[in-house]
Amino acid sequence: VPPEFGASGVLRGAVSSFFGYLGFDAVCCVAGEAINAERNLPLSIMITLIIVTTLYVAAAIALVGMQNYEEISPESGFPEAFKANGVEWASQLTAFGEVFTLPVVVLISVV
């Protein structure tokens, strides 16, 4: 961890990552409706966590591979990185994805 980020930077990253895993509590709430829940629920949660964690790590590696970590935009990382590399269509696509998915995540969290 670079010294200028310190423990507060690690905690900010942990909070951001935690938000991605917030939806798993909804799975536990509907566990009573699952067939063979004692076996299938832990298995499905573990498989999903492995997939999501792998995707998060792959996205972070891709982002740092496109742009130096000091230049990554805190507000809009992928669109700005694509724009800086001259891939305007990917910048527009990821910006649309950010704008579209944020309200969906908020609505799912509220329900």
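Quick caveat: nothing in here was measured; it's all calculated off a predicted structure.

## What about the confidence of the model for the chain?
Item 1. Scored by pLDDT, the chain comes out at a mean of 81, with 86% of its residues at no less than 70.
Item 2. Confidence scores differ between elements of the chain, with helix H2 (residues 24-29) showing the lowest mean pLDDT of 69 and helix H4 (residues 77-84) the highest of 90.

## Side note on the side chain of Ser 73
Item 1. If you trace the backbone, Ser 73 turns up in the loop between helix H3 (37-66) and H4.
Item 2. Residue Ser 73 is classed as buried on the basis of its relative accessible area, which comes to 17%.
Item 3. There is a polar contact of 3.1 Å between the side chain of Ser 73 and the backbone nitrogen of Ser 76.

## Comments concerning the packing of aromatic side chains
Item 1. Throughout the structure, instances matching the rule amount to two aromatic pairs.
Item 2. Consider the rings of Phe 78 and Phe 82, whose centres lie 6.3 Å apart with planes at 35 degrees: the pair is tilted. Taken together, the residues span about one helical turn, with Phe 78 and Phe 82 both in helix H4 at a distance of four residues.
Item 3. Classification of Phe 78 by relative accessible area gives partly exposed; the value is 26%.
Item 4. Accessibility expressed as a relative area gives 19% for Phe 82, which makes it buried.
Item 5. With 5.8 Å between their ring centres and 15 degrees between their planes, Phe 96 and Phe 100 make a pair best called stacked. Here the residue Phe 96 and the residue Phe 100 both occupy positions in helix H5 (residues 88-110), the gap between them amounting to four residues, near one helical turn.

Calculation notes
Residues numbered from 1 in each chain as written. Predicted model: local features only at pLDDT ≥ 70, side-chain atom pairs only at ≥ 80, totals over all residues. Heavy atoms only, no water. pLDDT = per-residue confidence, 0-100. Helix = DSSP H or I, 4+ residues; strand = E, 2+ residues; numbered from the N terminus. Buried < 20%, exposed > 50% of the residue type's maximum accessible area, 1.4 Å probe, protein only. Polar contact = N/O pair within 3.5 Å; in protein donor to acceptor, adjacent residues only side chain to side chain. Phe/Tyr/Trp six-rings, centres within 6.5 Å; stacked < 30°, edge-to-face > 60°.

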